[in-house]
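Chain by chain, the residues run as shown.
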Amino acid sequence: MDSSVIIERSGIEFGTSGARGLVTNFTNEVCFAFTLAFLSTQSNVKRIAITIDNRSSSQAMAQACISAAKQAGIEVDYFGVIPTPALAYTAQIARYLPLWLPVAIYCLIVTG
């Protein structure tokens, strides 16, 4: 099924701070669809960083996001639980870091 249809039927809203809704609506299928939708809006994505917070639902949601990225042929760096600002900072300074990070790193922060 088309990602846009899955997202539309999910009841989840998307705003300036990302996808928002009831955690029960963030099924594997919905998380997968949101990840593919995000990746489709970016150009030349080769690698993505994914992190989670400590909520009990975050791990499963992240696994669905990781699966979607890998299915799209994108390498995933999964950092587990780290503070949102730490990932944001890493993404901003990636061009100054060692070669294991690309010049631009795309990020998904799962806060289930």
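Quantities reported herein were computed from a predicted structural model and do not represent experimental measurements.

## Observations regarding the confidence of the model for the chain
Caution is warranted with low-pLDDT regions, since their predicted coordinates should not be read in detail.
Next, step 1: Per-residue pLDDT for the chain averages 86, and the proportion of residues at 70 or more is 89%.
Next, step 2: The lowest-confidence element of the chain is helix H4 (residues 84–93), averaging 78 in pLDDT; the highest-confidence one is helix H3 (residues 58–71), averaging 96.

## Some remarks on the sheet that holds strand E3 (residues 47–52)
Next, step 1: Within the open sheet, the three strands sit side by side as E4-E3-E5. Their pairing is parallel. Looking at which strands have only one partner, the edges of the open sheet turn out to be strand E4 (75–81) and strand E5 (106–110). Direction aside, neighbouring strands of the sheet carry axes that sit 20° apart on average.
Next, step 2: When E3 meets E5, the two strands line up parallel, connected through five bridges.

## Concerning the pattern of salt bridges
Side-chain pairs of opposite charge can arise whenever the charged atoms involved come near each other.
Next, step 1: All chains considered together, the criterion is met by three salt bridges.
Next, step 2: Ionic pairing is found between Arg47 and Glu75, a salt bridge with its closest N-O pair at 3.5 Å. One end of the pair, Arg47, is in strand E3; the other, Glu75, is in strand E4, with 28 residues separating them in the sequence.
Next, step 3: Since its relative accessible area comes to 47%, Glu75 is described here as partly exposed.
Next, step 4: Between Asp77 and Arg47 there is a salt bridge, and its shortest N-O distance comes to 2.6 Å. You can see Asp77 sitting in strand E4 and its partner Arg47 sitting in strand E3, a full 30 residues away along the chain.
Next, step 5: Of the residues examined, Asp77 reaches a relative accessible area of 13% and is grouped as buried.
Next, step 6: A relative accessible area of 22% places Arg47 in the partly exposed class.
Next, step 7: Taken together, the shared-partner salt bridges in this structure form one network comprising Arg47, Glu75 and Asp77.

Parameters and conventions
- Residues numbered from 1 in each chain as written.
- Predicted model: local features only at pLDDT ≥ 70, side-chain atom pairs only at ≥ 80, totals over all residues.
- Heavy atoms only, no water.
- pLDDT = per-residue confidence, 0-100.
- Helix = DSSP H or I, 4+ residues; strand = E, 2+ residues; numbered from the N terminus.
- Pairing = 2+ DSSP bridges.
- Axes fitted to C-alpha atoms, helices over the stretch in contact; angles between N-to-C directions.
- Salt bridge = Lys/Arg side-chain N within 4 Å of Asp/Glu carboxyl O.
- Buried < 20%, exposed > 50% of the residue type's maximum accessible area, 1.4 Å probe, protein only.

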